[in-house]
Every structure is written in structure tokens, then in C-alpha cells.
Amino acid sequence: MPDTAVDGDVLLNADEIVKHFPIKEGIFFKHQVGSVKAVDGVSLKVRRGETLGLVGETGCGKSTLARCIMRLFPLTSGHLTFDGADLSKLSRSQMRPYRRGMQMIFQDPYGSLNSRRRVGSIIGDPLAIHNIASGDERKKRVQGLMEVVGLNPEHYNRFPAEFSGGQRQRIGVARALALHPKLIVCDEPVSALDVSIQAQIINLLEDLQGEFGLTYVFIAHDLAVVQHVSDRVAVMYLGKIVEVADVKDLYSTPRHPYTNALLSASVVADPDKARVRDRIILTGDVPSPINPPSGCRFHTRCPKAQAICSTEEPLLQSAAGDPAGHMTACHFPVAEGEKLASGKATILHAVEGFLAEAPS
Amino acid sequence: MSLSTVDAAATTVPPEDPAVKGIEGRTPLQLVVQRLRTDRVAIISVVVIVLIIALAIGAPLIAAITGHGPTDTNVDNGTDANGQPLPPGSAGYLLGTDNLGRDILVRIAYGARVSLIVGVVATAIATIVGVVVGLFAGYYGGWLDSILARIMDVVLSFPYVLFAIVLVSVFGSSLPLTILVIAFFSFAAIGRIVRGQALSQREKEYVEAAHSLGAGNMRIMFVDILPNLVAPVIVLATLLIPTAIIFEATLSFLGLGIALPTPSWGNMLSDAEGVGFQAWWFYIFPMIFLLLTTLAFNLLGDAVRDALDPRTERIFAGRRKKKPA
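Residues numbered from 1 in each chain as written. Chains lettered and ligands numbered in written order. Predicted model: local features only at pLDDT ≥ 70, side-chain atom pairs only at ≥ 80, totals over all residues.

### Some points on the overall build of chain A
Part 1 of the reasoning: Summing up its helical and strand segments, chain A has 12 helices and 11 strands in all.
Part 2 of the reasoning: By the compact-globule yardstick of 21 Å for 360 residues, chain A fits well, its C-alpha radius of gyration being 22 Å.
Part 3 of the reasoning: Across its three principal directions, the C-alpha atoms of chain A cover 70 × 60 × 50 Å.
Part 4 of the reasoning: Across the 360 residues of chain A, 43% fall into the buried class. (Helix = DSSP H or I, 4+ residues; strand = E, 2+ residues; numbered from the N terminus. Rg over C-alpha atoms; globule rule 2.2 N^0.38 Å. Buried ≥ 20, exposed ≤ 12 C-beta atoms within 10 Å, placed from the backbone.)

### A few points about the nonpolar core
Nonpolar side chains tend to gather and get buried jointly when the protein is soluble and globular.
Part 1 of the reasoning: Judged by nonpolar contacts, the single largest core of 169 residues is most densely connected at Ile69(A), Ala174(A), Val185(A), Val217(A), Phe218(A) and Val235(A).
Part 2 of the reasoning: Each of domain 1 (10-101 + 181-357) and domain 2 (119-176) of chain A accounts for three or more of the residues forming this core. (Core = buried A, V, L, I, M, F, W, Y, C linked by C-beta atoms within 7 Å. Domains from an automatic or database assignment.)

### Examining the interface of chain B and chain A
Part 1 of the reasoning: In this complex, chain B contributes 25 residues to the contact, which on the side of chain A involves 31 residues.
Part 2 of the reasoning: Broken down by element, the residue count for the side of chain B that touches chain A peaks at 8 residues, all from helix 9 (residues 205-213) of chain B.
Part 3 of the reasoning: Its residues assigned to classes, the side of chain B that touches chain A comprises 9 nonpolar, 9 polar and 7 charged. (Contact = placed C-beta atoms within 7 Å. Nonpolar A, V, L, I, M, F, W, Y, C, P; charged D, E, K, R; others polar.)

### Thoughts on unusual backbone geometry
Residues and elements named next belong to chain A.
Part 1 of the reasoning: The backbone of Glu 16 shows a phi angle near 55°, a positive value even though the residue is not glycine.
Part 2 of the reasoning: Turning to its location among the elements, Glu 16 is positioned in strand 1 (residues 10-25).
Part 3 of the reasoning: On the basis of neighbour counts, which here come to 15 C-beta atoms within 10 Å, the residue Glu 16 falls in the partly exposed class.
Part 4 of the reasoning: The backbone of Leu 238 sits at a positive phi, close to 50°, despite the residue not being glycine.
Part 5 of the reasoning: By the secondary structure assignment, Leu 238 is in the loop between strand 9 (232-237) and strand 10 (240-246).
Part 6 of the reasoning: Take Leu 238: there are 24 C-beta atoms within 10 Å of it, and that puts it in the buried class.

### Points about the pairing of strand 7 (residues 183-187) of chain A
Residues and elements named next belong to chain A.
Part 1 of the reasoning: For strand 7, the tally of buried residues reaches 5 of 5 residues, placing the bulk of the element in the interior.
Part 2 of the reasoning: Burial of strand 7 is two-sided: the residues Leu 183, Val 185 and Asp 187 facing one way and the residues Ile 184 and Cys 186 facing the other way are all buried.
Part 3 of the reasoning: Strand direction decides the pairing type here: strand 6 (residues 102-105) and strand 7, joined by 4 bridges, are parallel. Residue Ile 105 lies in a different strand from strand 7, and its bridge partner there is Cys 186.
Part 4 of the reasoning: Alignment of strand 7 against strand 8 (residues 215-219), held across 5 bridges, turns out to be parallel. When the sheet's bridge partners are listed, Leu 183 is paired in strand 8 with Thr 215.
Part 5 of the reasoning: With helix 6 (residues 195-212) bridging strand 7 and its parallel neighbour strand 8, the resulting β-α-β unit is right-handed. (Pairing = 2+ DSSP bridges. Right-handed = clockwise from strand over helix to strand, strands pointing away.)

### Things to note about the confidence of the model for chain A
A low pLDDT means the predicted coordinates there should not be read in detail.
Residues and elements named next belong to chain A.
Part 1 of the reasoning: Mean pLDDT for chain A: 85, with 90% of residues reaching 70 or above.
Part 2 of the reasoning: Within chain A, no element has a lower average pLDDT than helix 12 (residues 343-357), which sits at 53, and none a higher one than strand 8, at 95.
Part 3 of the reasoning: A low-confidence stretch, residues 1-5 (pLDDT under 50), is modelled with 17 contacts involving residues beyond four sequence positions or located in other chains.
Part 4 of the reasoning: Every residue in residues 343-347 scores below 50 in pLDDT, and together they form 7 contacts with partners more than four places removed in sequence or on other chains. (pLDDT = per-residue confidence, 0-100.)

### What to know about the sheet that holds strand 7 of chain A
All names here are of chain A.
Part 1 of the reasoning: The strand order across the open sheet built from 7 strands is 6-7-8-3-9-10-11, with neighbouring strands paired in mixed fashion. Every interior strand has two partners, whereas the edge strands, strand 6 and strand 11 (327-328), have only one.
Part 2 of the reasoning: Inspection of the sheet shows strand 3 (residues 51-55) paired to strand 8 by 4 bridges, in the parallel sense. Note that in strand 8 the partner of Thr 51 across the bridge is Tyr 216.
Part 3 of the reasoning: Taken strand by strand, helix 1 (residues 62-69) contacts strand 3, strand 6, strand 7, strand 8 and strand 9, and its axis lies near 155° from that of strand 8. (Axes fitted to C-alpha atoms, helices over the stretch in contact; angles between N-to-C directions.)

### Some words on the domain arrangement of chain A
All names here are of chain A.
Part 1 of the reasoning: If you check the domain split of chain A, you get domain 1 (10-101 + 181-357) and domain 2 (119-176).
Part 2 of the reasoning: Inter-centroid distance (C-alpha atoms) of domain 1 to domain 2 is 32 Å.
Part 3 of the reasoning: On the side of domain 2, 9 residues touch domain 1, which itself brings 10 residues to the contact.
Part 4 of the reasoning: With 4 residues, the single largest contributor to the side of domain 1 that touches domain 2 is helix 6.

### Looking at the environment of Arg48(A)
Part 1 of the reasoning: Turning to its location among the elements, Arg48(A) is positioned in the loop between strand 2 (31-47) and strand 3.
Part 2 of the reasoning: Spatially, the C-alpha atoms of Arg48(A) and Glu188(A) are 21 Å apart, while their sequence positions differ by 140 residues.

### Section: the sheet that holds strand 1 of chain A
Residues and elements named next belong to chain A.
Part 1 of the reasoning: Judged by pairing direction, the sheet is antiparallel, and its 4 strands sit side by side in the order 2-1-4-5 without closing on themselves. A strand with exactly one partner marks an edge of an open sheet, and here the two such strands are strand 2 and strand 5 (85-86).
Part 2 of the reasoning: Bridging between strand 1 and strand 4 (residues 77-82) involves 5 bridges; their strand directions are antiparallel. Bridged to Leu 12 within strand 4 is Phe 82.

### Observations regarding the environment of Met268(B)
All names here are of chain B.
Part 1 of the reasoning: Inspection of the secondary structure puts Met 268 in helix 11 (residues 265-271).
Part 2 of the reasoning: Linking Met 268 and Leu 116, residues 152 residues apart in sequence, is a C-alpha distance of 16 Å.
Part 3 of the reasoning: Dropping the residues within four chain positions of it, Met 268 is found in contact with Arg 107, Gly 111, Pro 263 and Pro 286.

### Quick word on helix 5 (residues 165-177) of chain A
Residue and element names in this part refer to chain A.
Part 1 of the reasoning: Between its first and last C-alpha, helix 5 extends 18 Å over 13 residues, near the 18 Å set by a 1.5 Å rise per residue.
Part 2 of the reasoning: Helix 5 sits mainly inside the fold: 12 of its 13 residues count as buried.
Part 3 of the reasoning: Along helix 5, the positions that sit buried rather than exposed are Gly 166, Gln 167, Arg 168, Gln 169, Arg 170, Ile 171, Gly 172, Val 173, Ala 174, Arg 175, Ala 176 and Leu 177.
Part 4 of the reasoning: In this structure, the buried side of helix 5 is in contact with strand 6, helix 3 (119-129), helix 4 (135-148), strand 7 and helix 6. (Expected span 1.5 Å × (residues − 1).)

### Concerning the packing of helix 5 (residues 104-140) of chain B against helix 12 (residues 281-308) of chain B
All names here are of chain B.
Part 1 of the reasoning: Orientation of helix 5 relative to helix 12, taken along the N-to-C sense of each, is 35°, at an axis distance of 11 Å. When the axes of helix 5 and helix 12 are compared, the crossing they make is right-handed. Every residue of helix 12 that contacts helix 5 at Ile 104, Ile 108, Gly 111, Ala 112 and Ser 115 is listed here: Trp 281, Phe 285, Pro 286, Phe 289 and Thr 293.
Part 2 of the reasoning: Residue classes in the contact of helix 5 with helix 12 are distributed as 7 nonpolar, 3 polar and no charged. (Left-handed = near helix turned anticlockwise from the far one by under 90°.)

### Quick notes on the packing of helix 3 (residues 40-57) of chain B against helix 12 of chain B
In helix packing, the relevant descriptors are the interaxial angle and the interaxial distance, both defined with respect to the helix axes.
All names here are of chain B.
Part 1 of the reasoning: Interhelical geometry of helix 3 versus helix 12 gives an angle of 140° and a closest axis separation of 8 Å. Considering their axes alone, helix 3 and helix 12 lie oblique with respect to each other. Relative to helix 12, the crossing made by helix 3 is left-handed. On helix 12, the residues touching Val 41, Ala 42, Ser 45, Val 46, Val 48, Ile 49 and Ile 52 of helix 3 are Leu 292, Thr 293, Ala 296, Phe 297, Leu 299, Leu 300 and Ala 303. (Parallel < 35°, antiparallel > 145°, perpendicular 65-115°, else oblique.)

### Remarks on the confidence of the model for chain B
Residue and element names in this part refer to chain B.
Part 1 of the reasoning: Averaged over all residues, the pLDDT of chain B equals 80, while 85% of them reach at least 70.
Part 2 of the reasoning: Considering each helix and strand of chain B separately, the mean pLDDT is smallest for helix 1 (residues 7-11), with a value of 44, and largest for helix 9, with 92.
Part 3 of the reasoning: In the model, residues 1-23 has pLDDT below 50 throughout and makes 20 contacts with residues more than four positions away in sequence or in other chains.
Part 4 of the reasoning: Model confidence for the complex is summarised by a pTM of 0.79, with the ipTM given as 0.83.

As C-alpha cells, then:
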């Protein structure tokens, strides 16, 4: 698979990242009977200062990819370069100095904060682990961080349970900021929050990006959120990236049938527009990542699938007429204006048409 | 760019209202203490335990007041004219004397020392060892867990009285040996619970967060996971104290624990063997104190568990008797 064509200053370069989780059986003598292919050959480049959005269905390997980038577990194979350093083979203790440069914000603002520790000690944790500040100095810096993310520094001694979901996520943001990292991997940072709070956290993240020159890898399944925050977007399906493009190109001319389906499924705030637009409703479930389909992984659910799709895996490359940064892994990329067939959608339209004609 | 216009106002923190200060959050410890204070059973248990501790600490004082040491046979006035032991309420002997003329009250006070020391020290050792073993087994998993978990299973299924007989016959009975034997057979009870909790805690996202910050395994185990295990460990440790006290009494009763003439409630009971109904005060008083102490610790353990987590109902239901009241 060729590299995603990205020019400019590359901060993070993931090359053919593979993460398989072994499935073991047996009571006394465990033997491997298979593996979950959570991430199966992903190549990505993230430019310094940009926000790369990562979208895909639940279970497509987004979070696993995030943890691969953070090196929270060893990679099955592939190379990971961060700020010029090769991290792919480093042990846990060798990774420690590099963790100052990359931090993570977690999805669950409840589970990701230790409920038995005080907020001040949670946010101060990175400073303690990396021996940066202690005592009053640490307290001062933690309170400064709390102010930056919009928390009351006087709440230094409170427990996470005394905060709301949005405030907890701010605590997580403050903790990620403590080391002044270059890259922050946001693993669905707003999906557990109320919509009104989501906007606050997203604006906070955007403000911080400007203030501290941060680079984000932003994972979400909400396409509107991703469109709002990202400079570029990568679409994942079953452990693979199927399309990467600048946010404008991806949302205006999606090439991959899966991207089309995702976009057509997102909510449109205008009911009149929502009624007339075409919806591509995918049938069936996501296939198991233990035994992914041959060839193109999407062929089992793709409205455009042909014989070649089940035998030959499409490469991630630019389709004719697309800008260099827009790459699609599809044998038959969707042309602009092309309508994709969808059995269920037709029935839906028929029902809607019947209702429209019925005398009221 | 802003998703909505209310954000700017919402992100700024409102100034602290002095009137709100009144509902300042309480620490978990404050909450637990407050709940315990409203629990009548807990209060009574604590009072009983404090009295027994006072009895143990004040044992030399009692000996000084009565003028009888714990092992003094009081040849002059410890027995009646026929050489029979004195019943309770006799002059100078509140709880009577035993067949050698020793003051039972003084012996019970000194026995309280043995029981409490054994109960607390053995439990402390068992708790520390159990927590460390359980944390390592549960956090690391894999072959280390297999080995440690099997060791704990073996310890729990051991015929401990036979083991104690062998140990005592080799090393001779003594207080430190008694404590070590009890600690050895108790740590697995805590270790298994801690292991199970650590197994579930290590999958929590906060552990992953600590890892992503660069925390080492030791830090994650003892700074992040351990505080989450404090509640079950405190409860188990409180419930382990009476078990250890009974264990000591059992060993001493069998002559494997505290050696005569040093008094312990267990060997006082053993001394009373065969006296039947005539000299009932030989065994009734040690029994009452043993029962009071273990009951108080057990009820306190129950109360502490309820106070630590009012939502959870009887985690150890299978192991515990129903609370009377």
C-alpha cells in the first residue's frame, strides 16, 4: 500500500501498522486458535499542527489504532515514527521519555479518571511520573492547567465524583496537557457527553490547539463533529483505511461506497432536505474481524461489488480527477453524482411517496 | 469557530458563591465515619473493643491493684481451707481463682493482651502479604498469576491444625511462631479477594490512562489500583481479626499456641478441662471474653462494610453470618 500522499512537516508516520489479538483456548495449556485482526495494515501520516479525523463504525479498529499510535501495547508489525524517532520496537520503559510528546484523551470521562484519587493528584500525575515538578510547584502548575481548561483551581482537592461529565472530560484534557505534548490522540472525546457539552469540549480543544500548537488525531463516529474539527479525514472499515482526503473533498465528493453510505446515514438538521436525499442503507452486519472477507473487506455489503472485489484487495490510491491527497481503496470508486442502489432505501421511498400522495 | 453561541459563557467558571461553601464535598473517609457514627451496632462494637483494649493495656495495673501476678499461685489466700479454688466474688478475687489459686481476672486481662496482639499483628502481616501477592497475581496475570493463585489455593485447603502441630513439635511453641502460623494461613483469604479485584481493576480505562502517561507497573499497582481496593481490604482485615483470635485460642487450647503458664484465653479454657459444673468460673469467663471480642470485631466489620459501600449488599454473604438486630 503506498503512503498517503502528504506533503509538509510530518509529525507522526504510521506505516503498515498491524495489530492482531490472539484468541487462546485451553484450560491448562493455552494454544492460539485464531486472532482478531483489529488493525490490519494501516498507513497514515499526520502533519504537525493539523487535526486528522478518524471515522468508522463501532468495532472497526479506531480505538485499537489509537492505542497502537500511543504504543499502549506492542505492535504485531509495522513501523511507527513520531517526530523522527522510531517507536515501533521500543519496550515499555524505553517508551517513557517519548510519552512526554504524545498524550491521549479517553472516551469515558468516568472510567478514565481514578475515582479514589483527588483531581489535583490526577492532573499532577504526569508531572510526578516524569519528575518535572513536585510539592508547591506541582500544585501551582496543576492549578494553572485547571484554569486553562476552564475548571475552578479551588477544586484541586475534590474527587472526580464531584464533577459533571463535561468537567471530568476537562480534567482529562488538563492531564493530557500537563506535559505540553506535541500530539494528542483524542479517542472519541465527546461521544459520552451531552450535545451541548460536546460543543464546549470541542471548542476547548480547538482553542488549545491554537494556543499550544497541538496536533490532534481525532477519533469519532459522529461525522458532523469530525467535519467540524478536522483538516483531513480518514475512514476506517474492518481494520483498514478505505479513504483519506481533505475534509472538504471527503464530504463533497466521497469516492468509496462505504464513505457514501456513512455520509448518507448522518443526520441532516433540515427535515425537507432529509426527506428528499438518497439514503444508502447497508444490509447485514459488519463481518467478523476474526475472519475478514477476502479481497475488498467491504464487498459483502457493497452495492457496487463485482467479482474482482472478492478476490483482489484494492490499493489506497488517488482516483482519476481527485487531488493528490484524496485516496480511495476501491476498484470502482463512486463518480460524482452517481446514485448508489439500496434495496431498503427504495422501499422506504415508496412508503414515503405513498404517504405523500395520500389525501390528508 | 464555535459550534454554538452559549459556549463562551458556559466555559467560564462562575465565581465561588460563599453560600455554596456549606455543601463542600466530603472526603470518602468523612462519609464512612459519619455513617459509622449513626450505626448503633458499630458504636457498641467499638465501645466493647475499646474496653477490651483498655483491659489489655491495664493488665499490670489490675495486677498491682489486686496484688496478684498472672502466674502467682497465691498460696496464702488463693484457695479455701480445703485447698479448693475460690468462686467469683470472693474477697480480693472478683472472678475467683483457678485450681492453683491464680486470680482469674488478672489472667483474663493478660490473656486479652495475647489475643489482641495475635489478632492484630497476625492480621496486619496477613493483610500486607495478601495485598502484595494478590496485586501481583491479578495485575500481571499469566504464569505469575497461575503460580500465586495455586499457592493460595493450596494454603486455603491445608489442614492447618496438623501443620501447626508439626511446626510446634519442631520449633517449640511461642508467641511469634503462633502469629506467623496464623498469618500464613490467613493471607490467602485476602490475597484471593485482592487478586480478583485487581483482575477487574486492571482492565479499567484509568489504568490505560496511567500507562499512556508513562507510569510504571509498580506505580500503577500501588498508586492507582491499590486505593480502589482499600474498601474490601479494610472490611476483610476487620473480619480477619476475630478469626485470628479464635485461631490462636484453638491452637492454645490444643497446647500448640501460647505455652503455660503464660495465660491466654485458649489455654485457660484448656486448663478448665474436666472441671465440669463445680468450677464453672474456670471456663465461663474466658469464654465470655472470647465471645465478646470476636462478636464485636465481626459486627464492626459488617458495619464498616455497610458504611464503605451502602449500595453493595453483602459481598461476602456466603462467608458471613446474618447480623443479629
